[in-house]
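# Structural overview
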Amino acid sequence: MLYMGNVNRVIFWVIIPSVLIFYIVFRVVEWQKYDDGGRQLIAEQHAINLSGRDDIDCLILGGSNAFFSLSAEQISNQSNLTCYNLSLLNEGNSDAAYFDFIRNLPIERAQIKSIIYSSVYPLSKNLFLGRLERNQKQTSISGESTFQFTGRSLASYLKNFAQGKSLFQSVAYPMPTPSGDFNFDEYDSCQQDKIRDDWRLVTIDEDFKQWLGDNLLTFSTLFPNANISFVLPSTFRSQVSEDDFVKFSDTLESVVVGNSANFIAQSSFSDVSVMCDGRNHANAVGREIRTSELLVLMQNP
């Protein structure tokens, strides 16, 4: 009994406090070493690219689906628009961060006559719920928020350690081209073998309608002379049946049109050969295919 009492005291006074201290220290280190994959630098490069430009009348907005998979340069070359790709990875991480970023850019907003807003959030219930959570936390463009006791699981760090990967460094994305497009010439991290199709379409409930309506209203306020098109992007989505997708798309269209915007649904990518490193990230070939289709759909609504 005395032995068991000593063991319990060691557990209570030594082991448990040690584990707790280790966990807190680890989270502090994680917070201090936060790596945004170049997101903040990319945002700053957009501001540099736009400085002094007075010819832009078209903007591509949205998240990484648009950054990887749409080309403002191609749109400019193949239409009467002069377009710039102002999409950000993770769609700026929160709505407030993205809108503030756009408001502070050196661009004549009244001159913009076409807004192409491409978002994957309707295609993923999990991504959409994560968006609402980041909106509550007011996450910055870099993805950084205030210190928290929760974060990536320790198991994920152990997995990276076992595989010889850096514990804290994320994928470094290249700076955008002068047109704001993703620079595939400086990116060699496409991994088609790791692409998985696990889309779970969002529930078009009041929360979603409110989010989409608020965003479309904000864009129309920021760009009062623009024709706004909401684009349901091309992705690799072989697991969603065509019938289910058509029904979902029709319902989403009614919400978009009800908010005075155009609706464009792009076809899915047929296979991973035109993808880069994710189910919504095209490679250079896929980008050309998707942009060409979008141009046709814009000209023939």
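Attention here is on the structure that accompanies the text. Just so you know, the residues in each chain are numbered from 1, in the order the chain's sequence is written. It should be noted that, the model being predicted, local features are given only for residues of pLDDT at least 70 and side-chain atom pairs only at 80 or more, the latter also being counted only at that level, while totals for whole chains, interfaces and linings use all residues. Side-chain numbers come from the whole structure's heavy atoms, not from hydrogens or water.

All right, on to the overall build of the protein then. In terms of regular secondary structure, the protein is built from ten helices and seven strands. Relative accessibility decides the category of a residue: with a 1.4 Å probe and only protein chains considered, values under 20% of the type maximum give buried, values over 50% give exposed, and everything between is partly exposed. Residues classed as buried in the protein amount to 45% of the 301 residues present. Contacts are residue-level and defined by heavy atoms, with any inter-residue pair within 4.5 Å sufficient. Intrachain contacts of the protein at a sequence separation of at least 6 include 83% that bridge at least 24 residues. Secondary structure follows DSSP: runs of H or I at least 4 residues long count as helices, runs of E at least 2 residues long count as strands, and numbering of each begins at the N terminus.

Our focus in this paragraph is the state of the cysteines. Covalent bonding between the sulfur atoms of two cysteines defines a disulfide. Only a pair of cysteine sulfur atoms within 2.5 Å qualifies as a disulfide here. Counted under the stated rule, the structure contains two disulfides. Here cysteine 58 is linked by a disulfide to cysteine 83, with a sulfur-sulfur distance of 2.2 Å. Disulfide cysteine 58 to cysteine 83: torsion about the S-S bond roughly -50 degrees, handedness left-handed. Of the two residues, cysteine 58 is situated in strand β1 (residues 58-62) and cysteine 83 in strand β2 (residues 83-85); the sequence distance between them amounts to 25 residues. Looking at cysteine 83, the relative accessible area reads 3%, which means it is buried. In this model cysteine 190 forms its disulfide with cysteine 276; the gap between the sulfur atoms is 2.0 Å. The chirality of the disulfide connecting cysteine 190 with cysteine 276 is left-handed, given an S-S dihedral of about -90 degrees. Of the two residues, cysteine 190 is situated in the loop between α7 (154-162) and α8 (206-222) and cysteine 276 in strand β6 (residues 275-278); the sequence distance between them amounts to 86 residues. Taking the relative accessible area as the measure of exposure, cysteine 276 reaches 0% and is therefore buried. Listing the disulfide partners of the protein by sequence rank of the bonded cysteines yields 1-2, 3-4.

Should a side-chain nitrogen of Lys or Arg be within 4 Å of a carboxyl oxygen of Asp or Glu, the pair is scored as a salt bridge. Taken as a whole and assessed by the stated rule, the structure comprises seven salt bridges. Where arginine 103 meets aspartate 100, a salt bridge forms, and the shortest distance between an N and an O atom there is 3.0 Å. Remark: aspartate 100 and arginine 103 occur in helix α5 (residues 95-103); sequence separation between them is three residues, near one turn of the helix. For arginine 103, a relative accessible area of 39% puts it in the partly exposed group. Residue class for aspartate 100 comes out partly exposed when judged on its relative accessible area of 39%.

Here aspartate 181 lies in the loop between α7 and α8. With relative accessibility at 2%, the residue aspartate 181 sits in the buried group. Separated by 135 residues in sequence, aspartate 181 and histidine 46 place their C-alpha atoms 9.9 Å apart. The residues contacting aspartate 181, other than those within four sequence positions of it, are Phe67, Leu70, Ser71, Ala72, Glu73, Asn85, Pro176 and Arg287.

This part covers unusual backbone geometry. Even without being glycine, glutamate 91 reaches a positive phi, approximately 50 degrees. When you line up the elements, glutamate 91 lands in the loop between β2 and α5. Residue classification places glutamate 91 among the buried residues on the basis of a relative accessible area of 2%. In this structure, serine 260 is a non-glycine residue whose phi angle is positive, near 65 degrees. Mapped onto the secondary structure, serine 260 falls in the loop between α9 (242-258) and β5 (262-265). By relative accessible area, serine 260 is classed as exposed at 71%.

Take the nonpolar core next. If you look at soluble globular proteins, the nonpolar side chains tend to sit buried side by side. Definition of nonpolar core: a set of buried residues of the types Ala, Val, Leu, Ile, Met, Phe, Trp, Tyr and Cys, connected through side-chain atoms within 4.5 Å. In terms of nonpolar packing, the biggest core is built from 45 residues, with Leu59, Leu61 and Leu252 touching the most fellow members. At the level of elements, α2 (39-50), β1, α5, β3 (114-118), α8, β4 (227-232) and α9 are the ones that each hand at least two residues to this core. The residues touching leucine 59, leaving out its near neighbours within four places in the chain, are Cys83, Tyr84, Leu86, Ile107, Ile112, Ser114, Ile115, Ile116 and Phe223. Counting residues in hydrophobic clusters, the runner-up holds 13 residues, among them Ala72, Leu81, Cys83 and Leu295.

What follows covers the sheet that holds β2. Spatially, β2-β1-β3-β4-β5 is the arrangement adopted by the five strands of the open sheet, whose pairing is parallel. Single-partner strands in this sheet number two, and they are β2 and β5. Put simply, the sheet's adjacent strands are angled 20 degrees from each other on average, direction ignored. For two strands to count as paired, DSSP must find a minimum of two bridges between them. In this sheet, β4 lies alongside β3 in parallel orientation, the contact comprising five bridges. Paired with isoleucine 115 across the two strands is isoleucine 228, which belongs to β4. Angles here are taken between N-to-C directions and fall from 0 to 180 degrees, while the axes themselves are lines fitted to C-alpha atoms, restricted in helices to the stretch in contact. Strands β1, β3 and β4 of the sheet are contacted by α8, whose axis makes an angle of about 145 degrees with β4.

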